[in-house]
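Examination of the molecular architecture
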Amino acid sequence: MPVVVVESPAKAKTINKYLGPDFTVLASYGHVRDLPPKDGSVDTDNEFGMTWEVANDSRKHVKAIADALKDDNALILATDPDREGEAISWHLQEALTKRRSIKKDTAVSRVTFNAITKEAVTEAMKNPRQVDMPLVEAYLARRALDYLVGFNLSPVLWRKLPGARSAGRVQSVCLRLIVERETEIEAFNPQEYWSVRAQLATPRGQEFEARLTVLGGEKLDKYSLKNATAAELAVQAVASRKLSVLSVEAKPAARNPSAPFMTSTLQQEASRKFGMGAKQCMSAAQRLYEAGYITYMRTDGIDMAPEAVQAARDEIAKRYGADYVPSSPRIYKNKAKNAQEAHECIRPTDMGRDAASLKLSEDDQRKLYDLIWKRTLSCQMEGARLERTTVDIGSDDKQIVLRATGQVMLFDGFMRVYEEGRDDVADEDDKRLPQIMQGEALKFASSLAAQAEKAGKDASALSDDGAVLALQHHTQPPPRYTEATLVKRMEELGIGRPSTYASVITTIQDREYVRKEKNRLFPEDKGRIVTIFLLNFFRKYVGYEFTANLEEELDDVSAGQRDYKDLLGRFWRDFSAAISETSDLRITEVLDVLDDALAPQLYPPREDGTDPRSCPKCGAGQLHLKTSRTGGFVGCGNYPECNYTRPISGEGAEGYERILGEDAGDEIHLKSGRFGPYVQRGEATPENKKPPRSSLPKQGKDFLPGWGPNELTLEQALTLLTLPREIGQHPDGGAIQSNLGRFGPYIAHQLPDDEKPVYVNLKDTLDVFEIGMNRAVEMLAEKRANPGRRGSRAAVKPLKELGEHPESGGAVNILDGRYGPYVKWEKVNATLPKDVEPKDVTMELAVQLIAEKSSKGGKKKTAAKKPAAKKKAAPKKAAAKE
């Protein structure tokens, strides 16, 4: 029986159903080899030879495959159909050859399929090939480049910028985009402008709104009305005229559907519609692919297989009627420069199965599949037909002209199923207008003041009857990137590829260079400092054009049109020289360069005209850029006599140092540290190196309402500085204390004979200030009696006992956990779906959840095993042990 190797156990399980007992299907669990993180893994002196190492976690999986090959002398490599998949197959072949598990007579072949369906897998098995070496060489070049940049540039950052974590070939360019967008926002000067609207009524009493477009016979542009005075004059000019309809123009319009999804557009749309991050989106897509529900999810392609197009057209006709099927199929052409990345679009494998019919238990998978199914069907549907109407209303002398626009949907077409999301708010041009006829006299109608107030606009310029209104506006800075708009921008610049978007965005957040708030990406001070350093000392290597050109050269390698060692040689020659130039620089020299580069942001002009570099605390010292483990900051040069500091984002920046007031002769400060804002009594001195301090309380990921850095008062700060608070003496001895910790509010107590304290989490943050002795003693007693998994072996009381597992034995119970109720059976813990109550869980549902969880985590299976499973015993046992 041939041994078939795929990446994941979930994929192996699906494929095993299609191949049957004549094949042994095993999982490699991703990459099995990598470059060890030490000097010399890429030998730049010997044609960039690479030293590979089998990871500790992968050894048992490689051994399982090797053991299977002792009986079955045929190996089929069925990893994913992209560069990473090809690399995994190559690594497996090399590792198994090195172990002598692949012999001279061992048949080794490579198969790929774009969807895990019976037809696709069976067809792939009929068309084996060898490993695609140009694709592998493209992988080798990328891996070597990432190693050379990361392993040589990161130590430079560590030495010159304490607190910096790492640099990367693509991640640093991505970080630059976010930092430069923040700089644009900070430098932005809003421009005031006004618009004038009127509420009008037809002779039949139907009301509509129109905006002023011509004043004094001259056409207005967006910024023509610069201030309130000009707006008020315009309001009076409109209100004093009699108005009639000058023209009514109706034009047909059409809207066509968007192309089917590729990786980047799927990530963008999942972010817009569901707020999913790129990593979250790709994780859900991976599980859908491995279950056989969608085609491969890492692709630059938007074309669709002819049979899939026909299936979509048939399903459209069946569900919505023949009117929704265009006369000929819609053809979408690939824009990908690299054909190796351009697989088929991301689509359902079965057009007839919508999300409801799949009965997916995981919310992310259900949402994403629904999105993919609707987008795929809509891309083959008839376009929407609209009628757009423009009405011009004016005075007899045409000195005043207003315009109303609206549209009517004549045929919804693809919009019946799906409409693409937008990153920015759209104009309100889709309102429906009442019947309006040319030449009709119009009257001013109801007041617009209430509408303006509701919209939060300044309505100071208002006609006497309230029917003509001037609204104040200000130009807005460019918006901060979301993960969706960042992926879109990276794609436009040619930076990164479908397989790297998610990992790059995740990395810069994990390195604490960027934080995500309300779905927007903000650069941290550490990220700014790293970016400015790289722009000043390694500008070429964080250049957009250089990075995009390098990506194109790597694409040439995968197409077999360029030698990868030649590419690495040219890159290393210049890059190693740049590294050498910075090796002799002292930290003070680096900080001087960065201080000058950041001067416009660090030291903007002050309103009182004083020197922006003078210390606002002591007045004698000059401010200068400094670095620490937590990133960059501005400090007084008169240290240690003056210890004034502030963030590089400027004086008065949100959540950073300011003096809240005084108490008992001490200044009470609001500061920012590694784990966020905190309050502190006084300043650190040689005698008092650690003055009292306390973090600001949080509720989930956000600050407790009313206790954020912007709202915090002196009284609240003093309350926080009372922590840890002694609640009282426990009846059995020892003080009970309440406090705020890194993971939230808690109480703590240690009995005289205990080795360590007992901690109990509090649900309400304010309980740390209010909880009394009776409740605290009761909570501690309950915790000691029922410590759960972290304490003694006392069993947690189940919410519901379901009985013995029907197939494998062992108690199945419903327990309450930190993240909600879950099903527990032996070592398997399966979280309940959000819409399922513990009391409603049946044994049948519990067994299903346990099976799904087991298949993901590599735990032992609950179902009866097939004969071939005997050869899988080794990896299963290892996974269970792990």
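Here goes a summary of the coordinates provided.

Side note on the sheet that holds strand S28 (residues 725–729)
- On the basis of which strands lie adjacent, the open sheet formed by 4 strands has the order S28-S29-S30-S31 and antiparallel pairing. Two strands close off the open sheet at either side, each with one partner strand: S28 and strand S31 (758–761). In this sheet, neighbouring strand axes are inclined to one another by 25 degrees on average, regardless of whether the strands run parallel or antiparallel.
- Relative to strand S29 (residues 735–741), S28 is paired through 4 bridges, and the arrangement is antiparallel. By the bridge assignment for S29, Gln729 is matched with Ala735.

A word on the pattern of salt bridges
- Applying the stated criterion across every chain, the model contains 46 salt bridges.
- Linking Arg143 and Asp34 is a salt bridge whose minimum nitrogen-to-oxygen distance equals 2.9 Å. Highlighted residues: Arg143 in helix H5 (residues 133–160) and Asp34 in strand S3 (residues 33–34), separated in sequence by 109 residues.
- For Asp34, a relative accessible area of 35% gives the class partly exposed.
- With its nearest N and O atoms 3.0 Å apart, the salt bridge here joins Arg110 to Glu86. Placement of the pair is Arg110 in strand S8 (residues 107–110) and Glu86 in helix H3 (residues 83–98), with a sequence separation of 24 residues.
- Members of the salt-bridge network, linked through shared partners, are Arg142, Asp146, Arg169, Arg497, Glu551 and Asp555.

A look at the sheet that holds strand S7 (residues 74–77)
- Pairing is parallel across the open sheet formed by 4 strands, whose spatial order is S2-S1-S7-S8. With one partner strand each, in any of the chains shown, strand S2 (24–27) and S8 form the two edges of the open sheet. With direction set aside, neighbouring strand axes in the sheet form an average angle of 20 degrees.
- Of the pairings in the sheet, the one linking strand S1 (residues 3–6) to S7 comprises 3 bridges and is parallel in character. Residue Val5 lies in a different strand from S7, and its bridge partner there is Leu77.

Quick notes on the packing of aromatic side chains
- Tallying each qualifying case throughout the model produces 19 aromatic pairs.
- With 6.4 Å between their ring centres and 70 degrees between their planes, Tyr293 and Tyr369 make a pair best called edge-to-face. Taken together, the positions of Tyr293 in the loop between helix H9 (278–290) and helix H10 (306–320) and Tyr369 in helix H12 (residues 363–378) put the pair 76 residues apart, joining distant regions of the chain.
- Pairing Trp707 with Phe769 gives two aromatic rings, centres 5.9 Å apart and planes at 15 degrees, and the pair type is stacked. Pair noted here: Trp707 is in the loop between strand S27 (702–703) and helix H21 (714–720) and Phe769 is in helix H22 (residues 767–770), with a separation of 62 residues, a long-range link. Note on accessibility: Trp707 and Phe769 belong to one class, buried.
- An aromatic cluster is present here, built from Phe533, Phe537, Phe538, Tyr541, Phe546, Phe571, Trp572 and Phe575 joined pairwise through their rings.
- Positioned above the aromatic ring of Tyr481, the side-chain terminus of Arg181 is 4.3 Å from the ring centre.

Focus: the state of the cysteines
- Inspection of the entire model under this criterion finds 0 disulfides.
- Looking at Cys345, it has no disulfide partner, and the nearest cysteine sulfur is the one in Cys379, 6.5 Å off.
- We classify Cys345 as buried; its relative accessible area is 0%.

Considerations on the nonpolar core
- If you look at the biggest cluster of nonpolar residues, it comprises 156 residues, and the most contacted ones within it are Leu75 and Leu368.
- Residue contributions to this core peak at 13 residues, all from H5.
- Core analysis: the next-biggest nonpolar cluster, separate from the first, contains 26 residues, Leu670, Leu712, Leu740 and Ile747 among them.

Concerning the packing of helix H17 (residues 544–558) against helix H18 (residues 564–583)
- Relative orientation of the contacting elements H17 and H18 amounts to 160 degrees, with a least axis distance of 10 Å. In terms of orientation, H17 and H18 fall into the roughly antiparallel class. Contacts between H17 and H18 involve Phe546, Leu550, Glu553, Leu554 and Val557 on the former and, on the latter, Tyr564, Leu567, Arg570 and Phe571.
- The residue makeup of the contact of H17 with H18, split by class, is 7 nonpolar, no polar and 2 charged.

Looking at helix H2 (residues 56–69)
- Its 14 residues give H2 an end-to-end C-alpha distance of 21 Å, which sits within 8% of 20 Å, the value for a rise of 1.5 Å per residue.
- Listed in full, the buried residues belonging to H2 are Ser58, His61, Val62, Ala64, Ile65, Ala66, Ala68 and Leu69.

A few points about the packing of H9 against helix H15 (residues 501–510)
- Contact geometry for H9 and H15: axes closest at 8 Å, N-to-C directions at 140 degrees. In terms of their interaxial angle, H9 and H15 are classed as oblique. Seen along the crossing, H9 lies across H15 with a hand that is left-handed. Contacts between H9 and H15 pair Ala278, Lys279 and Met282 from the former with Ala502, Ile505 and Thr506 from the latter.
- Counted by class, the contact of H9 with H15 contains 4 nonpolar, 1 polar and 1 charged residues.

Thresholds, definitions, all that
- Residues numbered from 1 in each chain as written.
- Predicted model: local features only at pLDDT ≥ 70, side-chain atom pairs only at ≥ 80, totals over all residues.
- Heavy atoms only, no water.
- Pairing = 2+ DSSP bridges.
- Helix = DSSP H or I, 4+ residues; strand = E, 2+ residues; numbered from the N terminus.
- Axes fitted to C-alpha atoms, helices over the stretch in contact; angles between N-to-C directions.
- Salt bridge = Lys/Arg side-chain N within 4 Å of Asp/Glu carboxyl O.
- Buried < 20%, exposed > 50% of the residue type's maximum accessible area, 1.4 Å probe, protein only.
- Phe/Tyr/Trp six-rings, centres within 6.5 Å; stacked < 30°, edge-to-face > 60°.
- Lys NZ or Arg CZ within 6 Å of the ring centre and 35° of its normal.
- Disulfide = S-S within 2.5 Å.
- Core = buried A, V, L, I, M, F, W, Y, C linked by side-chain atoms within 4.5 Å.
- Parallel < 35°, antiparallel > 145°, perpendicular 65-115°, else oblique.
- Contact = heavy atoms within 4.5 Å.
- Nonpolar A, V, L, I, M, F, W, Y, C, P; charged D, E, K, R; others polar.
- Expected span 1.5 Å × (residues − 1).
- Left-handed = near helix turned anticlockwise from the far one by under 90°.

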